[in-house]
Amino acid sequence: MVVKFSPVFISVIRCTARNNHSSSKYNISRRFSTLPSKMADHSYKLKYFNFRVLGEPIRWQFALAGIPFDDERLARDHTWDEKFKSVTGWGRLPILEIDGKIQISQSCAISRYLAKEFGLLPETTLQNAQADELVDNLQDLRLLWRPWVRESDVDKKVVLEKEMLDTHFPFYLHKVENFIRQNGVEGFVVGRKLSWADLFLANFMQIWTENHGEYLLDDYPLLKAHMHKIINIPNIKAWIESRPQTKI
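Residues numbered from 1 in each chain as written. Predicted model: local features only at pLDDT ≥ 70, side-chain atom pairs only at ≥ 80, totals over all residues. Heavy atoms only, no water.

It is worth spelling out the pairing of strand E6 (residues 95-98) at this point. In E6, alternate side chains face the same way, and those of Ile-95 and Glu-97 on one face and Leu-96 and Ile-98 on the other are all buried. Across four bridges, strand E4 (residues 44-49) lies against E6 in antiparallel orientation. Paired with Leu-46 across the strands is Leu-96, a residue of E6. Once E6 ends, the chain turns through three residues before running back antiparallel as strand E7 (residues 102-105), passing Asp-99 with a positive phi of about 55°. (Buried < 20%, exposed > 50% of the residue type's maximum accessible area, 1.4 Å probe, protein only. Helix = DSSP H or I, 4+ residues; strand = E, 2+ residues; numbered from the N terminus. Pairing = 2+ DSSP bridges.)

Dropping the structure here:
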């Protein structure tokens, strides 16, 4: 099925349903390209679950570069644990497959590789280290948030969210605000140009504000402005408007 999402984007979506009553049971392979497309030297397939979290900053890099890629989304259910995890790379997703034979795992390794290919690395050695610093700390915050995502008990989920809102988010978001103030120029997080770290940060801020409320960033004007700056970059905005809708 070919679906035209905008004058800029075309996406081919192939869905195989294993359970007609639950969208979480879908495997989705999605071919994405831009029109007009740049000529790619390689073919790319990104394998991840039907989540944003760690896969979305990688998808945004392809959108920015105008490079076609297969966006393969696997169901995160018992079949992953029973059939695929033990035979998939290091047993983790995302995985970037290049030319059908080379595989790279770990979201940051993939992001840095593509950033070098697509011109999304910061300009200096120090700025590259600062980008790593920011993303590594965002990953720490994500791990603190993950129990809330996985908890199914409503009452326990409320307690976990309160801990995030009262303790973990304020601690980290205050530091990210200061990080942008000290290291960014013209609204970017490191230096004066867009980098892969900007994509990581904006992606997580979008997910967290959608799940916990826009007010989350009310005390952090630089962070709020940064998120809106990045998600309104034309190619990223068009991707967001065309992507599958997911909570996380």
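Having seen it, we continue.
Counted as a void, the largest pocket has a volume near 1,100 Å³. Lining the largest pocket are 34 residues; nearest its centre among them are Tyr-48, Phe-49, Phe-51, Arg-76 and Arg-150. If one sorts the elements of the lining of the largest pocket by residue count, helix H4 (residues 125-150) sits on top with eight residues. (1 Å grid on protein atoms, 1.4 Å probe; cavity = no way out; pocket = protein on both sides within 12 Å on 5 of 7 lines; lining within 4 Å. Points joined across faces, edges and corners; volume = space filled by probe spheres on them.)

This paragraph deals with the pattern of salt bridges. For the structure on display, the rule yields 12 salt bridges. With its nearest N and O atoms 2.9 Å apart, the salt bridge here joins Arg-73 to Asp-71. Of the two residues examined, Arg-73 and Asp-71, each falls in the buried class. Taking the shortest distance from any N to any O, the salt bridge between Asp-132 and Arg-112 comes out at 3.1 Å. Of this pair, Asp-132 sits in helix H4 while Arg-112 sits in helix H3 (residues 107-118), and the two are 20 residues apart along the sequence. Overall, the relative accessible area of 24% leaves Asp-132 in the partly exposed class. Here the residues in one salt-bridge network are Glu-56, Arg-59, Asp-71, Arg-73 and Arg-243, joined through shared partners. (Salt bridge = Lys/Arg side-chain N within 4 Å of Asp/Glu carboxyl O.)

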